[in-house]
Structure formats: structure tokens, C-alpha cells
Amino acid sequence: MSPAPRPQAAGPRAAGGRGLTAARGARPETAVWHRALLLALGGASLVAGLDAALVLLGLPAPAGGGAASPLAASHGTLMVLGFVGTLIALERAVALRRAWGYAAPALLGGGALAQLAPWGPAWPARLALLAGAVAFALVYVPLWRRQRDPAVLVQALGAVAAAGAAGLLAAGVAVPAVVPWLATFLIATIAGERLELARLRIRGRWAEPLLVAGNGALVALCPATLLWPAAGYPLFGLALLVLAAWLVRYDVARATIRSTGLPRYVAACLLAGYAWLAVAAGVCLLVPGAPSGAAYDAFLHAVFLGFVMSMVMAHAPVILPAVLRRPLPYRPAMWAAAVLLHATLLLRLGVGDARGDAAAWQWGGAGNVLAVLAFVLLAAYSVARPGEPRAATEPRTVREPRP
Ligand code: HEM
């Protein structure tokens, strides 16, 4: 295997820790296989979620079923809790360095896929998702004790939103009413993550409390969107706008966009993601009450594709090596997947949703699927055949809390 690029140095060993299995006397390769298996659960959720997306777009899909099939109905939870949730929970479990932390990704990935079982009631899968989200939130208790840092606090707020979302879904609340909770889960997790790096640019005392307050407001407004959507959604949009402005103002991306290679690619993905977060805020502020129809699609995918998926594309070359202990070298071809994602999202939302053009909506959605698939295949190829890894040089703090 080629030598690991710098991000690997952000793993448990580099943090001065012993690594999960090393701490327990097991062979490190075993841990890597366990993690790869959990990563595969997240990958399977993504594949199923993409198939479901094609069904929801009304396009031919490899595993068909109508728009009312369990597959199509599970698209949102497959993507948010099954795919991104499993990735995040796995990365946090690696940071925690305790075996029980891995229950969270196992239950989230397993629970998301269990929704697709054609037999039996739906509640066991929903209960597994709830157990996974609660386990994920509990991971932040020891993490917070190790490092009482606003970055951990903001991410913990995201975990609370995830547990709230899973609890509501288990209680039978419909996905559209839970979307703000799901969005808050991912937005707060990413914002906390970016805070670690933003410290390089933060001057003044108020920036960090403002980020904590903004994410706290998102969590507090989740019940408001459910109970009083007419007031809850505009306030939620306002909090999103403040967060988007905060991220643009303080993230190192505004400086690293002027560099080259991986740092520039990461910065471009981040800045594009922040712009989409502002678009989502705009939908909440301009559309009265809970978004529905085209506004619902626009709000959902400005957050989940424009912001979240762009962040996944940005962070994959850093996070996957930390989890798998294999380099994911930067390749210029990653730009192609990222540009395709944003261009087709612009077509889907800007023409399809905004102008009611069904063909643009479908073409844009199909392009979104292609962009995500292209990135995943490129990442898988790069991990399997690292070739000549280029140094991953985005400035990076150690991911794990200091023991
Ligand atoms: C990759 C391309 C994607 C396509 C083509 C796509 C397509 C769709 C469509 C057509 C809908 C139904 C919208 C409506 O009812 O108006 C939908 C709903 C949804 N999508 Fe996506 N999606 C994609 C990716 C994602 C991702 C990556 C996430 C999350 C990380 C996500 C989360 C959701 C959620 C939460 C819903 C709401 C589900 C519900 O109401 O039951 N989507 N998606």
C-alpha cells in the first residue's frame, strides 16, 4: 500500500491514542474490516436511496416499485440516517475508541436497510433507527467529558436533533414534518466540524458563542416548525441564514480557495455548499408556512444535496483515510463530479422547481444521481488503487478530542 497522506495522521494513533482495537489487544486489521463492513452498510443505504430517488423522479430505476413502494417511501431516511448518518456515526466511533460506539453506525445502517424488508411490520426498523440515533447522541457524553469544546457541543446538538427525528419517525410522524430535525442533525454536525478549522480565522470573542447560539436556535426551532409552521419555518430560515453567513465569514475556505490541488477543491465544495444553505434559508423565509410541492423539493435538496453532499465530497479525502487507514488521494477528476452535482442541482431547482419545468426537474435529478454515483465510484477506485497520492494539505486539526 502506498504511504498514507497527511489526513491519516489525524487518526487515533496520531492523536496520541492507541486506536480502538490496539487498546483492547485485537489486531488493527480486524478493526479496519469491521469499519469497512459498517461503511458498506452506509454504502448500501446510498445505493438503495439513489434507486428510490429515480423512482420518486418517475424515471426507470433498476429496482423499480411505484412512488408508494417501501423503497420510495424510505428514500429520505435511507439517505440521511442510513448513508450520511452511518458515515458520521462511524467516524465519531473511531474518535471515541470504545467498542460500544460502533453500535450507532451498525443500528443506523442496519435499521435504514431493514425498512426495505418486504415482509413484517415497519416498527422494528424504525426502532433500530431510534436506538442508533440515541447511541450516537450518547457517544457525545464521553467525547464532551474529554474535550469541553464548543465544536463538540455544536455537534452534540446535531445528535440531539437526530435522536428527536428518529423518535418522531418511530412514533409514526410523517417524514415531511421531520425534515427540519433531519436537516439540523447534518447542519450542526458539519458546522461543529468546520469550527475546528475556522479558529484559524476567528478574531474576537463572539464568533464561537454565535455559532453555538445559531445551532441551538435550529434545535429549539425544530418543534416550532412542527407545531406552528407559519412562524417556525421563517425563524428556522433566519437561523439557517445566520449559519450560512457565519460559515462564509469564518471558514478557512475563503483563504484556501486561492491555493491549488486538494485545498482548492475542498474550498470550492465548501463555498458552494454554503451558498446552497443560503438558498434553503431563502425558501423558508419566502414561502409561507411549511414548504410543499416544488418548494419542498427545493428546500430538501438545497440542504441535502447542495450543502450536505457537497460537504461529503469535500471531506471524503480526509475522513475515509481516517476510518479505513487507506489513502484516498485527491484526483482532479473529483472536480467533474462536484461541478456536475452543482450544475444539475441548479437545473433541478432553478428551472425545474422555480419555473415548474418537469423535464428540467427530471433531467436535473438524474444528473444529481449521476454526480453522486460518479464521486462514489471515483472514491472507491482511488481507495482500491491509490496510485500516486498527493498530499492532502487542507489545514487540519486532530479530529479526536484530546484524551
Ligand atoms: C442524488 C440525487 C437525489 C435525487 C434525484 C433525489 C430526489 C428526491 C425526490 C424526487 C424527492 C421527493 C420530493 C418531493 O416529494 O417533492 C426526494 C425527497 C427527499 N430526499 Fe432526495 N434525492 C436525492 C438525494 C438526496 C440526498 C443525498 C438526501 C439526504 C442526504 C435526500 C433526502 C431527501 C429527503 C429527506 C426527502 C423527503 C422524503 C419524504 O418526504 O418522504 N435526497 N428526493
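Not measured: the values here are computed from a predicted model. (Residues numbered from 1 in each chain as written. Predicted model: local features only at pLDDT ≥ 70, side-chain atom pairs only at ≥ 80, totals over all residues. Heavy atoms only, no water.)

**Notes on the coordination of the iron atom of the ligand**
Then step 1. The iron atom of the ligand binds to the protein through His-75 (NE2) and His-301 (NE2); the donor distances cover 2.0 to 2.1 Å.
Then step 2. The coordination sphere of the iron atom of the ligand comprises 6 donor atoms, whose angles at the metal cover 87 to 179 degrees; the geometry is octahedral. Note that His-75 is positioned in helix α4 (residues 75-96) and His-301 in helix α13 (residues 293-324), a separation of 226 residues in sequence.
Then step 3. We classify His-75 as buried; its relative accessible area is 13%. (Donors = N, O, S within 2.8 Å, 3.2 Å for Na, K, Ca; no water. Tetrahedral: all angles 85-135°; square planar, octahedral: opposite > 155°, others 65-115°. Helix = DSSP H or I, 4+ residues; strand = E, 2+ residues; numbered from the N terminus. Buried < 20%, exposed > 50% of the residue type's maximum accessible area, 1.4 Å probe, protein only.)

**Describing the pattern of salt bridges**
Then step 1. Going through the model one piece at a time under the given rule, you end up with 5 salt bridges.
Then step 2. For the salt bridge of Arg-92 with Glu-91, the shortest nitrogen-to-oxygen distance reads 3.1 Å.
Then step 3. By relative accessible area, which is 8% here, Glu-91 ends up buried.
Then step 4. Across the pair Arg-199 and Glu-208 runs a salt bridge whose closest N-O atoms are separated by 2.8 Å.
Then step 5. Its relative accessible area of 29% is what places Arg-199 among the partly exposed residues.
Then step 6. The network of salt bridges with shared partners includes Asp-149, Arg-199 and Glu-208. (Salt bridge = Lys/Arg side-chain N within 4 Å of Asp/Glu carboxyl O.)

**Considerations on the nonpolar core**
Soluble globular proteins tend to pack their nonpolar side chains together in the buried interior.
Then step 1. Tyr-265, Phe-299 and Phe-304 are the most contacted members of the largest nonpolar core, which totals 123 residues.
Then step 2. Sorting elements by how many residues they give to this core places α13 first, with 19 residues.
Then step 3. The contacts of Phe-299, once residues within four sequence positions are left out, are Val-179, Tyr-233, Phe-236, Leu-240, Ala-280, Val-283, Cys-284 and Pro-291. (Core = buried A, V, L, I, M, F, W, Y, C linked by side-chain atoms within 4.5 Å. Contact = heavy atoms within 4.5 Å.)

**Some words on the environment of Ala-52**
Then step 1. Turning to its location among the elements, Ala-52 is positioned in helix α2 (residues 28-57).
Then step 2. By relative accessible area, Ala-52 is classed as buried at 0%.
Then step 3. Each C-alpha atom of the pair Ala-52 and Gly-65 lies 8.7 Å from the other, and the pair is 13 residues apart in sequence.
Then step 4. Excluding residues that lie within four positions of it along the chain, Ala-52 makes contacts with Leu-71, Ala-72 and His-75.

**Considerations on the packing of aromatic side chains**
Here a ring pair, both rings aromatic, is described through the centre-centre distance and the interplanar angle of the planes.
Then step 1. In this structure the tally under the stated criterion is 7 aromatic pairs.
Then step 2. Measuring from centroid to centroid gives 5.4 Å for Phe-136 and Tyr-140, while their planes differ by 80 degrees, and the two rings are edge-to-face. Of this pair, Phe-136 and Tyr-140 both sit in helix α6 (residues 123-146), 4 residues apart, which is roughly one turn of the helix.
Then step 3. Taking the relative accessible area as the measure of exposure, Phe-136 reaches 1% and is therefore buried.
Then step 4. Look at Tyr-140 and you get buried, because its relative accessible area is 3%.
Then step 5. Look at Tyr-274 and Phe-307: their rings are 6.3 Å apart centre to centre, the planes differ by 40 degrees, and that puts the pair in the tilted class. Taken together, the residues span a long stretch of sequence, with Tyr-274 in helix α12 (residues 261-286) and Phe-307 in helix α13 at a distance of 33 residues.
Then step 6. On the accessibility criterion, Phe-307 (0% relative accessible area) is buried.
Then step 7. Within the aromatic cluster, the residues linked to one another by ring pairs are Phe-136, Tyr-140 and Phe-185. (Phe/Tyr/Trp six-rings, centres within 6.5 Å; stacked < 30°, edge-to-face > 60°.)

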